[in-house]
Structures are given as structure tokens and as C-alpha cells.
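Structure assessment
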Amino acid sequence: MSDKVTSDSVKFLLDEEHLPTHWYNISADLPEPLAPVLHPGTKQPITPDDLAPIFPRAVIEQEMSTEREVEIPGPVREVYRQWRPSPLFRARRLERALNTPARIYYKYEGVSPAGSHKPNTAIPQAFYNKVEGVKRITTETGAGQWGSSLALAGTFFGLEIVVFMVRVSFDGKPYRRAYMETMGAQCIASPSDQTESGRAILKGRPDSTGSLGIAISEAVEMAVQRDDTRYALGSVLNHVLLHQTVTGIEAIKQMDMADDYPDMVIGCTGGGSNFAGIAFPFLHQKWQRGLDTEFIAVEPSACPTLTKGAFAYDFGDTAHLTPLVKMYTLGSSFVPPGFHAGGLRYHGMAPQISHLAKLGHIAPRSYNQLECFAAGIEFAKAEGILPAPEANHAVKAALHEAEKCRETGESKAILFNLCGHGHFDMQAYIDYNAGKLQDLVYDDAEVAMALAGLPSGC
């Protein structure tokens, strides 16, 4: 790593030799242990054998691990080298545009081949499946960033990939679908007629816009039907959040290059993976060094899992094929409105993030769709990068905090994760610029019904 850079530097770059060798596992440092994951039938803690039909053994071990550091395999690091370490930017033009004394930094994950943070976990998950002789992986995707990333990983490791894409995104994001198919993946609109769970949804609601919960059900159902097939998840679970910590580990070194340290760390949250990736290593620093860093998790107001959900045991999918996890949830049967940030349309939040929010270590916040798009465009005009609709939520929070600094005169350092670019999401921006978008409101009655169906006896 080079010495401290000049006082007006804009980007902070690490050489490949500083690519992390280990992921950081926050389970080793949680102030209180996580509630156990339960078997949906017995309501007893699950065992590795319970997960074996779904995940490869190495992934199961990481899911249950409490080791602080987990080594990144050589073949995974070799692929990471194509875009990692990713750059950290000081948003100096944005600071001037806002006339704020705040120091704004963003870690830019849009430099990956798939244009988002998702390859950070897609690559290791594909690798572990390949090592264990798996031939096919099924998965779900909301906005398409995760599906694109697993399709990419499947190409690198010679695996067949089947992606159930939430119907509203399947219809509204054709270029994401084209990317997946170009990489050799099969992309299916969910709910579909190819699974029992999909057919059941279509029978009751033929025009369903779909949800990540429904798509997960379809992917899991298909995975367990063949011995050569496993399932991969792009967010929520411990091992996924673990893989994403390369982002924060690099960012700590880059903030040191900038001779600065964040007063607040911000990320958008749907299932929680990109927020965890930037935040968890800094949380470790906070606990280890007694720092005052604030952590802000930003979600859409139309799917307010952390801000309006119940902290309870729930299923991760709509058809109740998955284990029970304790998390903030809107209820597994809840189908969020079809807003454009498809990657944030999930009824539940990662158990680790939910746990930390419940303990007060993370501050959740929600914003409406239109104000997030306005923030994303303001950012793009200053910095030249058009964010994905999901990332706009983090941008909005960063702008909000920078504007508060303008009012108070405080010079705080704000770091956020710009988790992906919006180049595959141009229809969303076309619709916004044409005045066709509106702020969507979730149905209180539907949430109440979904929460009334939370599993009992947990």
C-alpha cells in the first residue's frame, strides 16, 4: 500500500497484493449470540445434515462458523483479482455541489464484471459447489444483479445455472435477463409453471408481480429434486454476508490512505449483504477500538422490513421450504409493491443484521422511491456514475447526512457503499424522467395478514 496520498486526491487504489486473504466473520464478535436456526418440522436447531440437500458442505461449515477469519481459497482470489481491490472515491464534486463541510466517500462495487457487489459471494459459492461435484445450481434474483453474478460464476467454473427472476423485474429489466442468458444461464419468470410452489401462486393470483420469497421457494424446490443440483442464495445468510466483507476490509485500508476515518457507514438493505460487506469490518473496528462510528441501514419505505417489521422466527420463502430464522420480517407471504429497486423487495432481513439492529448497533432508515431516484441523479450529475436503483437508497442517506452537516457546520466523514451501477436499469430512469414513477405504499392489511401467519411454537 502506498503512503498517504495528496490532500486533494479523489481516488484511493490498493494494489493486488493487498487483496484480502481472509473474510471477516462477525459471528465471532457478536455482543450476544444469534438465535439458533430451527428445523421447520421439529422446531429444533438444524444440523449440517439438514442443510446438505441444499448447500455444499463447505458453505454449510461457513454458515455455522464462529471463527473470526475464514481463508479465501486461492482460485477465488484469482478471480477476485479481475476487479478487486475495488476503488474508494472521495466525492469532492458532490461535496461542492452540496456546499457541505462533510467529507463524503464511496466504495464503488460497480467495477465488477457483473456491475455490482454480488460476484463477491457468487464466485466462492460456485467454487465450493464445483469442488464438491455439483453440476447445476438454482437460485432466485430480484433486480437481476445476483442472477447476473451467479451466471458469470457458472461460466467461470463450468456449472449450469437456473435463475428464477421475480416477474416484475423479468418484465422491467430485459437487459439483466439478456446478460444472464448470454452467460449461459436459464432465466425463468417467477412465479412460474415449472414448480408446484409457482403454480400454486399463479392459481390464486395469475397476475402476480412475484417476490423474492416466491422465487426462493421455486429455486429450492427445483434444487432438491436432483442429486447433482444445489441451491445458492445471494443475500441474507451468514456465509453470504461473510463473503461480502472483502469490501469493508479493503475500505479500512483505503480510509487510512486518505488519512481519514468514517463517522458513519451507510448501505442499502434488502436482504443485507452489501450493507454487511461495508459495515461489518468497521463494526469490528468500533468494538475493538471503542470508536463512535454510526451505522445506517437504508431500506425502501414500500418494503420496510427493519423499520416496520416484527423481530420473530419466520420462513425465508413463501412456500415454507426453508429453515426458520429469527429476523425482522414483514411475513413470508407478503408481496411488496413492484417498485424499481427489485433487489430490496424481500420480506425479511439477514439474521445477523436483524440481531445487531435489535441490540441497537445499527440504525435503520427508510425512504420513498422518488426521493431516492432524485438523489441518485444528483449524485450522477456530480460524480458521473449512475447508481443502480438499490444503491440510490444509500446515496439518499449520504446526501441527507451531508446536508445536515451543512446546517450544523460539522465536518463529518461519511462512507457509503455504492453497490452497483444502473446501466442495466435505464428503463427505470426513463420512467422517472418521464414522470411515470410514483411512490408506492405497501398494504397494511396484507402485512398484518402475513405477520398473523408467523410460525408458532418457536
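Here the structure is shown first, and the text comes after it.
Structural notes, computed from the coordinates. (Residues numbered from 1 in each chain as written. Predicted model: local features only at pLDDT ≥ 70, side-chain atom pairs only at ≥ 80, totals over all residues. Heavy atoms only, no water.)

Some thoughts on the overall build of the protein
Stated precisely, the cut-off is as follows: Secondary structure elements follow DSSP: runs of H or I no shorter than four residues count as helices, runs of E no shorter than two count as strands, and numbering proceeds from the N terminus. Note that the radius of gyration is over C-alpha atoms, with the globule rule given as 2.2 Å times the number of residues to the power 0.38. The buried label applies to any residue whose accessible area, calculated with a 1.4 Å probe on protein chains only, is under 20% of its type's maximum; exposed applies above 50%, and partly exposed to all values in between. None of His or the chain ends enter the tally, which takes Lys and Arg as positive and Asp and Glu as negative. Taken as the charge centre is NZ of Lys, CZ of Arg, CG of Asp or CD of Glu, depending on the residue.
A tally of helices and strands in the protein yields 19 helices and 15 strands. Relative to the 2.2 N^0.38 estimate, which gives 23 Å for 458 residues, the radius of gyration of the protein is 20 Å and therefore close to what a compact globule would have. Seen along its three principal axes, the alpha-carbon backbone of the protein occupies a region of about 60 × 50 × 45 Å. Here the protein holds 458 residues, and 62% of them are scored as buried. Counting 41 positive and 53 negative side-chain charges, the protein places the averaged centre of each group 2 Å from the other.

Regarding the pattern of salt bridges
When charged atoms on two side chains of opposite charge get close, those side chains can pair. Under the convention used in this document: Each salt bridge in this description consists of a side-chain nitrogen of Lys or Arg and a carboxyl oxygen of Asp or Glu lying within 4 Å of one another.
This structure, assessed with the given rule, holds 16 salt bridges. The partner of Glu95 in a salt bridge is Arg90, and the shortest N-O contact between them spans 2.5 Å. On the accessibility criterion, Glu95 (9% relative accessible area) is buried. Within this structure, Arg84, Lys107, Glu109 and Glu250 form a network of salt bridges that share partners.

Overview of the sheet that holds strand E6 (residues 136-141)
For clarity, the threshold we go by: When DSSP finds two or more bridges between a pair of strands, those strands are recorded as paired. Between the N-to-C directions of two axes lies an angle of 0 to 180 degrees, each axis being a line fitted to C-alpha atoms and, for a helix, fitted only over the stretch in contact. Note on contacts: a residue pair is in contact if any heavy atoms of the two residues lie within 4.5 Å.
In space, the 4 strands of this open sheet follow the order E8-E7-E6-E9, with parallel pairing throughout. Both outer strands of the open sheet, strand E8 (186-190) and strand E9 (229-231), are each paired with one neighbouring strand and no more. Taking each pair of neighbouring strands and ignoring which way they run, the sheet shows an average axis angle of 25°. Contacts from helix H6 (residues 145-157) reach E6 and strand E7 (160-166) within the one sheet, and its direction differs from that of E6 by about 160°.

As for the sheet that holds strand E4 (residues 88-90)
An order of E1-E4-E5-E15-E10-E11-E14 is seen for the 7 strands of this open sheet, with the pairing classed as mixed. Single-partner strands in this sheet number two, and they are strand E1 (11-12) and strand E14 (363-367). Against the sheet, helix H12 (residues 246-257) makes contact with E1, E4, strand E5 (103-108) and strand E15 (413-418), and its axis sits at roughly 140° relative to E5, the strand it touches most. Most of the contacts of helix H13 (residues 273-289) go to strand E10 (residues 264-268), to which it runs at about 160°, and overall it touches E5, E10, strand E11 (294-300) and E15.

Points about helix H17 (residues 391-408)
Note the following rule: Helix span, as expected, comes to 1.5 Å for every residue beyond the first.
With 18 residues, H17 ought to run about 26 Å at 1.5 Å a step, and its terminal C-alpha atoms sit 26 Å apart, in line with that. Along H17, the residues that are buried comprise Ala391, Asn392, His393, Ala394, Val395, Lys396, Ala397, Ala398, Leu399, Glu401, Ala402 and Cys405. A positive phi of about 85° marks Gly409, the residue just after H17.

Topic: the packing of helix H5 (residues 119-131) against H6
Test applied: Reported orientations rely on four angle classes, namely roughly parallel under 35 degrees, roughly antiparallel over 145, roughly perpendicular from 65 to 115, and oblique for the rest. By definition, turning the near helix anticlockwise from the far helix through less than a right angle yields a left-handed crossing, and turning it clockwise yields a right-handed one. For this classification, the nonpolar set comprises Ala, Val, Leu, Ile, Met, Phe, Trp, Tyr, Cys and Pro, the charged set comprises Asp, Glu, Lys and Arg, and every other residue, Gly included, is treated as polar.
Here H5 crosses H6 at 40°, and the two axes come no closer than 8 Å. Judged by the inter-axis angle, H5 sits oblique to H6. Helix-helix and strand crossings are classified by hand; for H5 and H6 the assignment is right-handed. Where H5 approaches H6, its residues Pro119, Thr121, Ala122, Ile123, Gln125, Ala126, Phe127 and Lys130 are matched on the opposing element by Trp146, Ser149, Leu150, Ala153, Phe156 and Phe157. Grouping the amino acids of the contact of H5 with H6 by side-chain chemistry returns 10 nonpolar, 3 polar and 1 charged.

Things to note about the packing of aromatic side chains
The condition that has to hold: In this analysis, rings of Phe, Tyr and Trp, with Trp reduced to its six-membered ring, are considered paired at centre separations within 6.5 Å, and the interplanar angle assigns stacked below 30 degrees, edge-to-face beyond 60, and tilted for intermediate values. Two thresholds decide whether a charge sits over a ring: the Lys NZ or Arg CZ must be within 6 Å of the ring centre and within 35 degrees of the ring normal.
For the structure on display, the rule yields 14 aromatic pairs. Residues Tyr106 and Phe379 carry aromatic rings whose centres are separated by 5.1 Å and whose planes lie at 80° to one another, so their mutual orientation is edge-to-face. Here Phe379 lies in helix H16 (residues 369-383) and Tyr106 lies in strand E5, a separation of 273 residues in the sequence. On the basis of relative accessibility, which here comes to 1%, the residue Tyr106 falls in the buried class. On the accessibility criterion, Phe379 (0% relative accessible area) is buried. For the pair Phe311 and Tyr328, a centre-to-centre distance of 5.1 Å together with 40° between the ring planes defines the contact as tilted. You can see Phe311 sitting in strand E12 (residues 310-315) and its partner Tyr328 sitting in strand E13 (residues 324-329), a full 17 residues away along the chain. Residue classification places Tyr328 among the buried positions, given a relative accessible area of 12%. Three or more aromatic residues joined by ring pairs make a cluster, and in this case those are Phe89, Tyr106, Phe379 and Phe416. The cationic tip of Arg177 hangs over the ring face of Phe170; the distance from NZ or CZ to the ring centre is 4.2 Å. Over the ring of Tyr261 we find Arg289; its NZ or CZ atom is 5.2 Å from the centre of that ring.

What to know about the nonpolar core
Here is the rule: Think of a nonpolar core as a cluster: buried Ala, Val, Leu, Ile, Met, Phe, Trp, Tyr and Cys residues, connected wherever their side-chain atoms sit within 4.5 Å.
Counting residues in hydrophobic clusters, the biggest one holds 89 residues, and the most contacted among them are Trp23, Tyr80, Tyr231, Phe280 and Ile353. Judged by nonpolar contacts, the second largest core, of 32 residues, contains Cys372, Ala391, Val395 and Cys419.

Concerning the packing of H6 against helix H8 (residues 174-182)
Helix-helix packing is described using two parameters, namely the angle between the two axes and the distance between the axes. Where H6 meets H8, the closest approach of the two axes is 8 Å, and the angle between their N-to-C directions is 15°. In terms of orientation, H6 and H8 fall into the roughly parallel class. As for how H6 packs across H8, the hand of that crossing is left-handed. On the side of H6, the interface is formed by Gln145, Gly147, Ser148, Ala151 and Leu152, while H8 contributes Arg176, Tyr179 and Met180.

Digging into the environment of Gln62
One can find Gln62 in helix H2 (residues 57-64). Taking the C-alpha atoms as reference, Gln62 lies 9.1 Å from Val240; in sequence the two are 178 residues apart. In this structure, Gln62 is in contact with Trp23, Val70, Tyr128, His239, Leu242 and His243, ignoring residues within four places of it in sequence.

Section: the side chain of Asn392
Along the chain, Asn392 turns up in helix H17. On the basis of relative accessibility, which here comes to 0%, the residue Asn392 falls in the buried class. Other than its neighbours up to four places away in sequence, Asn392 contacts Cys372, Phe373, Gly376, Pro387 and Tyr429.

Brief notes about the pairing of E10
Regular strands place their side chains on alternate faces of the sheet. Convention followed: For a crossover, the right-handed case is the one in which the path from the first strand over the helix to the second runs clockwise, viewed with the strands pointing away from the viewer.
Burial analysis of E10 places 5 of its 5 residues in the buried class, which makes it a mostly covered element. Crossover handedness for the path E10 to H13 to E11: right-handed. Pairing of E10 with E15 involves 3 bridges; the strand directions are parallel. Bridge pairing in E15 places Val265 opposite Leu415.

Distances and angles like these do not, on their own, reveal function.
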